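What follows is the residue order along each chain.
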Amino acid sequence: MSASSSSSLPLHTTPNFNPSHSSKSTKIKQIQSFKPTHKLHEQKQVESKSYFHQISSLCKQSQIKEAITLLTEMDFKNGCVYERALSTGQQIHARILKTGGFYSKNEYIETKLVIFYAKCDLLNVANQLFHKLEKKNVFSWAAIIGLCCRMGSNEKALMGFNEMHENGFLPDNFVLPNALKACSTLQMVGFGKGVHGYALKMGYNSCVFVSSSLVDMYGKCGLLDDANKVFDEIVDRNVVTWNSMIFSYAQNGMDEEALKVFYCMRMVDVEPTRVTVASFLSAAANVDAVDEGRQGHAIAILSGLELDSILGSSIINFYSKIGFIEDAELVFSNMVEKDVVTWNLLISGYVQQGKIEDALDSCRLMRSENFGFDSVTLTTILSASTKMRNVELGKECHGYCIRNNFDSDVVVANSIIEMYGKCESTGKARRVFEKTVQKDLTFWNTLIAAYAESGLSGEALKLFYQMQLEGVPPNVVSWNSVILGFLRNAQVTEAENIFSEMQCMEIQPNLITWTSLISGLAQNGHGDRPIHYFKEMQIRGLQPNTVSIISLLSACINVSSLEFGKAIHGYIIRRQFFSSLSILTSLVDMYAKCGNLYLARKFYNMVNYKELPIYNAMISGYSLHGQAGEAFEVFNRMQKENIEPDEITFTGLLSACDHTGLVEKGLKVFNDMISEYRMKPSMHHYGCMVSLLSRCGNLEEALRFVLEMPLEPDAQILGSILSACKEQNKIELGEYLSQYLFKLEPDNSGNYVALSNTYAAAGRWDEVLKLRNIMREKKRKKAKEKARLQLDSNRNRTPCVCCRR
């Protein structure tokens, strides 16, 4: 026995080094902490071998009782179990089996073997030994339940918990936390409450480990009130308890409560861990609590927490989410050890901030440091190519996915389909979709959305019906995509029919459904319908978002309804939407275009820190009302604020010149736009100039503009010249332009009227009569065609499912 005592001395004299309290740099701490750990491992291996030789020697001398005593003293505590030294443990197990029945049937040794293999996470071996046990006890049950929990076999863990109890073994405070962990993973809150009842009955509720596990279980199952009740009853809370409560609030979106619990924890002087700071920073990022998050970072530094991959990742995630990408870069550069998660967070942060080139540079650097891309990296790169509409980058990423067998990953494949769809390569998106073996609802929705956003409403509808034939029922997202597809293609009636069918199928429209309808109808010039749907939306208790409000204000412009615009304005005040600059800009635009320039100017003046959109809205408003001087005054103020104009700004200024006949001013603005601001004029800008010159009698100059345009003139530009032909009696030119316009816009009666007016001004009444006869004939044909199409539509229309019932 003296030999065994002496052999254990080196273990007790090993210094207990704690690198977190070192004042040296992170890198030095890691090097220092590495050496003692390695030495300790070697000493324990030597000691294990010493025990093994002593047990072996005693066995050969038939001193069985002494061997058992030595094995009991060893207790695997400082050897195989503690260090998970699998090889050494297996050697001892082999010697036990060779030695004979006494060893192999010893209850203590059998139990220790189960615990050993359980600690080494060998589920099959531990299970086999456990089921062979002649006498099971609390320790063997605890080991096997804990192992099932660690290995993700949570159902087996709970079955073991029940079986243990049925066999007369009472689960203790080591078993209960594992059972509660399995309940939270499986979301079996009923079972968890049963375990809670058992803990109360047996008096384990006073154990801080059991109580902390209860808080964690209730939190992960979304029962925050129950978690809080358990938390409040804990007298001696440790850091694990506090962490469970903070994490529970943060996980369930109650971020402000998570921050409050963290501050309460600080008030009672509980030192935070990396888990504490990570949960706190996650909550702070979700509510844009910049100062609080920075304080959390400072606390981590002051507490001496090592900037490892866990803590570093949480800090990078915080700074990325709040838009402080430079701070995220700084933290990243100071990390000694980086893993794939850390790289992914930085790359994702760059993409979120629109710094795509920085994201791609980080991907290249990541590869150069021998880190392989995972599914998260690839979905981030695909997201970047989607944002940039860069199909070439997307193709490269797709190729990498194929070469490295990532294309079978559901999330990656879905991102590839979305990328091709957004880049208007629906054919390629379809091919990827067809090659995917298991198509779930998300896959179908992504492809339908791709066709819908491209305006291919027919294909979107076909897919919508095909998915149902293949046994995948659509959800509200599917219906929304089909509605959007019709609205993108200006098929308003079809969109409203699908909306009606959706409700017949008892699918409740969500905020996106209503917003899509309101926005799509407003953009297609159906100003009264968005107002109708807004009223219906309110009746159903849904509150509009910013997009809905802006679309409604646009609808008010389309129908020139100042009265309803004021009603929307009142709604904005009541719902406190004034923090949105885009809504304020839309209000200025609505009032100006609905005829109340006074209120437009009033809200324009209310905005202290003006941005380009609101300047543009005010310039357009003054332009519409023929107040060119005021429009240029706003433009001059904008220049003083060093705000760069865009194409919309120049459209407003040129339109102001057109409405007031300022030819010289208009020419100067047009020339400044090209020479000073380096912009290429669009069709709108050329249209304003041609209209201005034609209106002021400079028909030859207007024609010169048209001939020198790098673009093909549209009907609006040619119509401006045609209108001027009447004033200057240019009949031949008018006839030539009319023939061109009739081909461009065969159904636009305005072109026939303009030519008729030109003939009338010249006294050519025979020609006027001919044109009127042509117009009457076209009207009759159009009415007949419309009636025929309506009849065909009624014959071919498939009734919706609810009607067929």
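The structure displayed is predicted, hence computed values, not measured ones.

Description of the overall build of the protein chain
Here is step 1 of the chain: The number of helices and strands found in the protein chain is 48 helices and zero strands.
Here is step 2 of the chain: The buried share of the protein chain, taken over its 805 residues, is 46%.
Here is step 3 of the chain: In the protein chain, of all internal contacts separated by at least 6 residues, the share reaching a separation of at least 24 is 60%.
Here is step 4 of the chain: With the model as given, the accessible surface of the protein chain reaches about 41800 Å², and the carbon-plus-sulfur share is 52%.

Examining the UniProt feature "repeat: PPR" (unreviewed entry) in the protein chain
Here is step 1 of the chain: Per the UniProt record, the feature "repeat: PPR" (unreviewed entry) sits at residues 137–171, 238–272, 339–373, 440–474, 475–509, 510–544, 611–645 and 646–681.
Here is step 2 of the chain: Counted over residues 238–272, helix gives 74% and strand 0%. Its end C-alpha atoms are 10 Å apart.
Here is step 3 of the chain: In residues 440–474, the share of helix is 74% and the share of strand is 0%. The end C-alpha atoms are 11 Å apart.

Considering the side chain of Asn596
Here is step 1 of the chain: Looking at the secondary structure, you find Asn596 in the loop between α36 (581–593) and α37 (597–606).
Here is step 2 of the chain: In this view, Asn596 contacts Leu562 and Tyr591; residues no more than four positions away in its chain are not counted.

As for the side chain of Thr649
Here is step 1 of the chain: The residue Thr649 is located in helix α40 (residues 647–660) in this model.
Here is step 2 of the chain: Accessibility expressed as a relative area gives 0% for Thr649, which makes it buried.
Here is step 3 of the chain: Once residues lying within four places of it in the same chain are set aside, the contact partners of Thr649 are Leu612, Asn616, Ile619, Phe635 and Met638.

Concerning the pattern of salt bridges
Here is step 1 of the chain: All told, the structure shown has 17 salt bridges when counted by the stated rule.
Here is step 2 of the chain: The closest approach of N and O atoms between Asp216 and Lys220, which form a salt bridge, is 3.2 Å. One end of the pair is Asp216 and the other is Lys220, both in helix α14 (residues 208–220) and four residues apart, which spans about a single turn.
Here is step 3 of the chain: Taking the relative accessible area as the measure of exposure, Asp216 reaches 16% and is therefore buried.
Here is step 4 of the chain: Judged by relative accessible area, Lys220 falls into the partly exposed class, the value being 30%.
Here is step 5 of the chain: For Arg294, the salt bridge is made with Asp327, and the minimal N-O distance between the two is 3.2 Å. You can see Arg294 sitting in helix α19 (residues 290–302) and its partner Asp327 sitting in helix α21 (residues 325–334), a full 33 residues away along the chain.
Here is step 6 of the chain: With a relative accessible area of 33%, Arg294 lands in the partly exposed category.
Here is step 7 of the chain: According to the relative accessible area criterion, Asp327 is partly exposed, its value standing at 22%.

The rules behind the values
- Residues numbered from 1 in each chain as written.
- Predicted model: local features only at pLDDT ≥ 70, side-chain atom pairs only at ≥ 80, totals over all residues.
- Heavy atoms only, no water.
- Helix = DSSP H or I, 4+ residues; strand = E, 2+ residues; numbered from the N terminus.
- Buried < 20%, exposed > 50% of the residue type's maximum accessible area, 1.4 Å probe, protein only.
- Contact = heavy atoms within 4.5 Å.
- Areas by Shrake-Rupley, 256 points an atom, 1.4 Å probe, with all protein chains shown as cover.
- UniProt positions renumbered as here; feature names shortened; annotations may be inferred.
- Salt bridge = Lys/Arg side-chain N within 4 Å of Asp/Glu carboxyl O.

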